[in-house]
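Fold and contact review
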Amino acid sequence: MGSLFRSEEMTLCQLFLQSEAAYACVSELGELGLVQFRDLNPDVNAFQRKFVNEVRRCDEMERKLRYLEKEIKKDGIPMLDTGESPEAPQPREMIDLEATFEKLENELREVNQNAEALKRNFLELTELKHILRKTQVFFDEQEGGLNTTTESMTRALITDEVRTGHSMGPVQLGFVAGVISREKLPAFERMLWRACRGNVFLRQAMIESPLEDPSNGDQVYKSVFIIFFQGDQLKTRVKKICEGFRATLYPCPEAPADRREMAMGVMTRIEDLNTVLGQTQDHRHRVLVAAAKNLKNWFVKVRKIKAIYHTLNLFNLDVTQKCLIAECWVPVLDIETIQLALRRGTERSGSSVPPILNRMQTFENPPTYNRTNKFTKAFQALIDAYGVATYREMNPAPYTIITFPFLFAVMFGDLGHGAIMALFGLWMIRKEKGLAAQKTDNEIWNIFFGGRYIIFLMGVFSMYTGLIYNDIFSKSLNIFGSHWEVNYNKSTVLENKYLQLNPETSDYLGTPYPFGMDPIWQVAGANKIIFQNAYKMKISIIFGVIHMIFGVTMSYHNHTYFKNRLSLIFEFIPQLVFLLFLFFYMVLLMFIKWNRYAATNKPPYSASCAPSILITFIDMVLFNTPKPVPEGCEVYMFGGQHFFQVVFVLIAVACIPVMLLGKPLQIMKQRKHANVQPITGSDAEVGMSNGQPAAHGGGGHHDEEEMSEIFIHQGIHTIEYVLGSVSHTASYLRLWALSLAHAQLAEVLWNMVLSIGLKQEGWFGGIMLTIVFAFWAILTVGILVLMEGLSAFLHTLRLHWVEFQSKFYQGTGYAFQPFSFDAIIENGSAASSTENE
């Protein structure tokens, strides 16, 4: 069998590389992505390994690149991404890269520092400009007497007439002016009033436009204030309060002429600063635009260098310090490709000594490697989510490609809903290159896009089952013409909820609808659900039993591949017989009943004589005598049924002790005969060839197990299978239950939402139908397609993981994780975007 049905055959190899050629060879292997290196220095601290300095240099280069990336994104400059992956630079090129990044970082930091200083200066001048303007207004109001309240309060501070009752002459007032954050102003005013006991006079005015904070670029709203006071003591107190509230004080001349002259000087300096700031920003922009053109490639190069040195740290040095020794897992089919890559690396480095790749013998279980493409990758991910396959055991993924969307469609069968899902999947497939290039951190979208082929197949299969159920948005398609003639008037058909279709009458033409269900069942309000229930419930059991038998059959290929004769005889055969003689027999009874009994037949094969399959199966297992049947009917469906049923049950019951005791007793017999532990031979499964494992699936790796543990393990395995056969068969009834729920929910949406708009007439009906249709479409997509689709998906996943894979799949392996630049760069890009977020 090919690697599609089993994981790739792996082998452990030892690799000898000359020190000067090691870097280039590892670089070639990273581009190839087919080698998984083992750490030969597990006890050595990461900071004590040979190439730790090179890794640190790469970390420092990555830090500088992340700084550049942050600045580029801050300015909204697009970064060029050609989609190409440059080769890993040679070690000597690291110095040039370091120098380039050092120069860029220093230049950018210097520009940023200059820009911040200029912006801080610009902010101070802008605030001073507003202070000069606002204080001029304050003084104009005071001199012109525009505000009587202000005038009286100012006069109280300017003269002593109010306090002493007699004139002592004018008093010289001091004042300070400054800017404070607007939200601090109320608290600032209260503190001034309390600390100075009301002996200060505060005037403030808002600065309408926000000011930019030079340190972080935030927009801040501020207000201008001027505080009048008398005496040095109050002056000191006022300044301390301003300092505590982080208010900025500015010099403000008392004379109007001086204020005007200062304002003109400030405006001139602001204009000059604007010019310098513009030039600084242009220079910064040019630096960032130049860096943005190469940033992606630089990231790739640095990550490749770092990955190479990190991998070289896993190697061992020989005693001469001239050769590096590595151990690695490689696929057997790719050994020649790997050797060619090693030769290319040797030629690039100029080394004259060729690398040596030797295959090693080992008893260690190799990693599991399943080759996938963009189509099979999503299905393999579903299997690996349950557990990575044990090395070389049967891979369920190829069969899941068909069974998964089909079982999903049995639950989701609707032509309309399936078409919506299929079109969505087809759109993602057609646009996959563009959508893949638009890398996003949206996890939900990434899940949908990663499973685009699964979504498309689920939609296509749902369209097929929708045709079988003849169900499209809860309505039917009359493609071939109904094979019924309902002799009722229109009002009875549309309004009578108790209308039944009776195949015994002449209404039924005697031949079935050519494909799927007859559309006439839409009008049968009374027995439509009864008919569909019986049909869907039986096909659920049929599909379930066939699915489980297929799973048991898969275990046959595992046992034969691993030469596990004991498991083949004492597990596979009794398991298959148990499943066939009980549950597959029940499936045969369904087909016999469908074939022999009909409404138009006369006793003993009329519909009224048809026995219940469930009651028949229960009576069979319990050896019960069938209950009396109506006159003219027969108890059994065919001659000799009772004899066959007794034989089938006895054989099935006899299989249980075979599964329970057969294998442990045989192992005990072999150990006693050999009189040694561990046992040898094909059943012992200890032989290894090219990394092939010794055991599988309850199979044969029992050489070091106690007999008591073997008996316990086999007992658990047997009980789980026997009881699981019953519960797993019943579990497939979820196919029927979810299908019924989906159909009923679609019918409820049609009858209670869309039909309201369809029943309206005239121009109002058109408007109403538009609104109702939009609401119905949202509910259909949101509930029936997304929520019901997710529910059916999860139930299908459970049927594969538990009911199907438990019959043959261990899933106790570990994944092959090759040294691959593509995976490292992809993970590094994701981590970088997360950090930036």
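Scroll up to find the structure.
For the structure given in this document, a descriptive report is provided here.

Parameters and conventions
Residues numbered from 1 in each chain as written. Predicted model: local features only at pLDDT ≥ 70, side-chain atom pairs only at ≥ 80, totals over all residues. Heavy atoms only, no water. Helix = DSSP H or I, 4+ residues; strand = E, 2+ residues; numbered from the N terminus. Expected span 1.5 Å × (residues − 1). Bend = angle between axes of the 7 residues up to and from the residue. Disulfide = S-S within 2.5 Å. Buried < 20%, exposed > 50% of the residue type's maximum accessible area, 1.4 Å probe, protein only. Phe/Tyr/Trp six-rings, centres within 6.5 Å; stacked < 30°, edge-to-face > 60°. Lys NZ or Arg CZ within 6 Å of the ring centre and 35° of its normal. Pairing = 2+ DSSP bridges. Axes fitted to C-alpha atoms, helices over the stretch in contact; angles between N-to-C directions. Contact = heavy atoms within 4.5 Å. Nonpolar A, V, L, I, M, F, W, Y, C, P; charged D, E, K, R; others polar. Polar contact = N/O pair within 3.5 Å; in protein donor to acceptor, adjacent residues only side chain to side chain.

A few words on helix α22 (residues 734-758). Taking 1.5 Å of rise per residue, the 25 residues of α22 would be expected to cover 36 Å, and the 34 Å separating its terminal C-alpha atoms lies within 8% of that figure. The principal kink in α22, of about 35°, is found at Trp750.

For the rest of this paragraph, the subject is the state of the cysteines. Applying the stated criterion across every chain, the model contains one disulfide. Put simply, Cys609 and Cys633 are joined by a disulfide, and their sulfur atoms are 1.8 Å apart. Here the S-S torsion is close to -60°, and the disulfide linking Cys609 with Cys633 is therefore left-handed. Residue Cys609 is located in the loop between α18 (565-596) and α19 (613-622), and its partner Cys633 is located in the loop between α19 and α20 (641-674); the two are separated by 24 residues in the primary sequence. This pair shows no difference in class: Cys609 is buried, exactly as Cys633 is. With no disulfide of its own, Cys13 lies closest to Cys328 among cysteine sulfurs, the gap being 5.4 Å. A disulfide-free cysteine, Cys196 has its sulfur positioned 9.3 Å from the sulfur of Cys242, the nearest such atom. The exposure class assigned to Cys196 is buried, which follows from its relative accessible area of 2%.

Okay, helix α1 (residues 19-32) next. Look at α1: 21 Å from first C-alpha to last across 14 residues, which is about the 20 Å you get at 1.5 Å a residue. A large share of α1 lies buried, amounting to 10 of its 14 residues. Of the positions making up α1, those classed as buried are Ala21, Ala22, Tyr23, Ala24, Cys25, Val26, Ser27, Glu28, Leu29 and Gly30. One or two steps after α1, the chain reaches Gly33, where phi turns positive at roughly 70°.

We now examine the packing of aromatic side chains. Enumeration over the complete set of coordinates arrives at 48 aromatic pairs. For the ring pair Phe581 and Phe648, a centre distance of 4.9 Å and an interplane angle of 40° mean the geometry is tilted. One end of the pair, Phe581, is in helix α18; the other, Phe648, is in helix α20, with 67 residues separating them in the sequence. For Phe581, a relative accessible area of 24% translates into the label partly exposed. Geometrically, the ring pair formed by Tyr585 and Phe648 is edge-to-face, given 5.3 Å between the ring centres and 70° between the ring planes. Residue Tyr585 is found in helix α18, and its partner Phe648 is found in helix α20; the two are separated by 63 residues along the sequence. Taken individually, Tyr585 and Phe648 each receive the classification buried, so the pair is uniform in this respect. Linked through ring pairs, Phe5, Tyr386, Tyr399, Phe550, Trp801, Phe804, Phe808 and Tyr809 together constitute an aromatic cluster. Here the guanidinium or amino end of Lys50 rests over the ring plane of Phe51, the centre of that ring lying 5.6 Å away. The ring of Tyr469 carries Lys536 above its face, with NZ or CZ at 4.3 Å from the centroid.

Turning our attention to the sheet that holds strand β7 (residues 222-229). Read across the sheet, four strands follow the order β4-β7-β3-β8 without closing on themselves; strand pairing throughout is antiparallel. Each of the sheet's edge strands pairs with one partner strand only, and the pair in question is β4 (201-206) and β8 (248-250). Each strand axis lies, on average, 25° off the axis of its neighbour in the sheet, ignoring direction. Both strand β3 (residues 174-181) and β8 contribute to a ladder of three bridges, which runs antiparallel. Bridge pairing in β8 places Val179 opposite Thr248. Along the sheet, helix α6 (residues 185-195) makes contact with β3, β4 and β7, crossing β7 at roughly 10°. Docked against the sheet, helix α7 (residues 232-244) engages β3, β7 and β8, running at close to 165° with respect to β7.

At a closest axis distance of 10 Å, the pairing of helix α17 (residues 528-561) and helix α21 (residues 707-731) adopts a crossing angle of 145°. Packed against α17, whose contacting residues are Ile541, Val545, Met548 and Val552, the element α21 presents Tyr721, Ser725, His728 and Thr729 at the interface. For the contact of α17 with α21, the per-class residue count stands at five nonpolar, three polar and no charged.

Looking now at the pairing of strand β1 (residues 10-18). Looking down a regular strand, the side chains alternate between one sheet face and the other. Here β1 lies mainly inside the structure; seven of its nine residues are buried. As paired elements, β1 and strand β10 (residues 323-331) share nine bridges and run antiparallel to each other. Bridge pairing in β10 links Leu15 to Ala326. With five bridges joining them, β1 and strand β11 (residues 356-360) adopt antiparallel strand pairing. By the bridge assignment, Gln14 is partnered in β11 with Asn358.

All right, on to unusual backbone geometry then. Cis rather than trans, the peptide bond between Pro603 and Pro604 has omega equal to 10°. Note on placement: Pro604 falls in the loop between α18 and α19. Phi is positive for Phe473, close to 55°, though the residue is something other than glycine. Within the fold, Phe473 resides in the loop between α15 (452-469) and α16 (490-495).

Quick look at the side chain of His483 now. Relative to the elements of secondary structure, His483 occurs in the loop between α15 and α16. The class of His483 is buried, set by a relative accessible area of 17%. Only 2.8 Å separates the side chain of His483 from the side chain of Thr511, close enough to count as a polar contact. The residues contacting His483, other than those within four sequence positions of it, are Asp507, Tyr508, Leu509, Thr511, Pro512, Tyr513, Pro514 and Asp518.

Any link to function would need more than the numbers given here.
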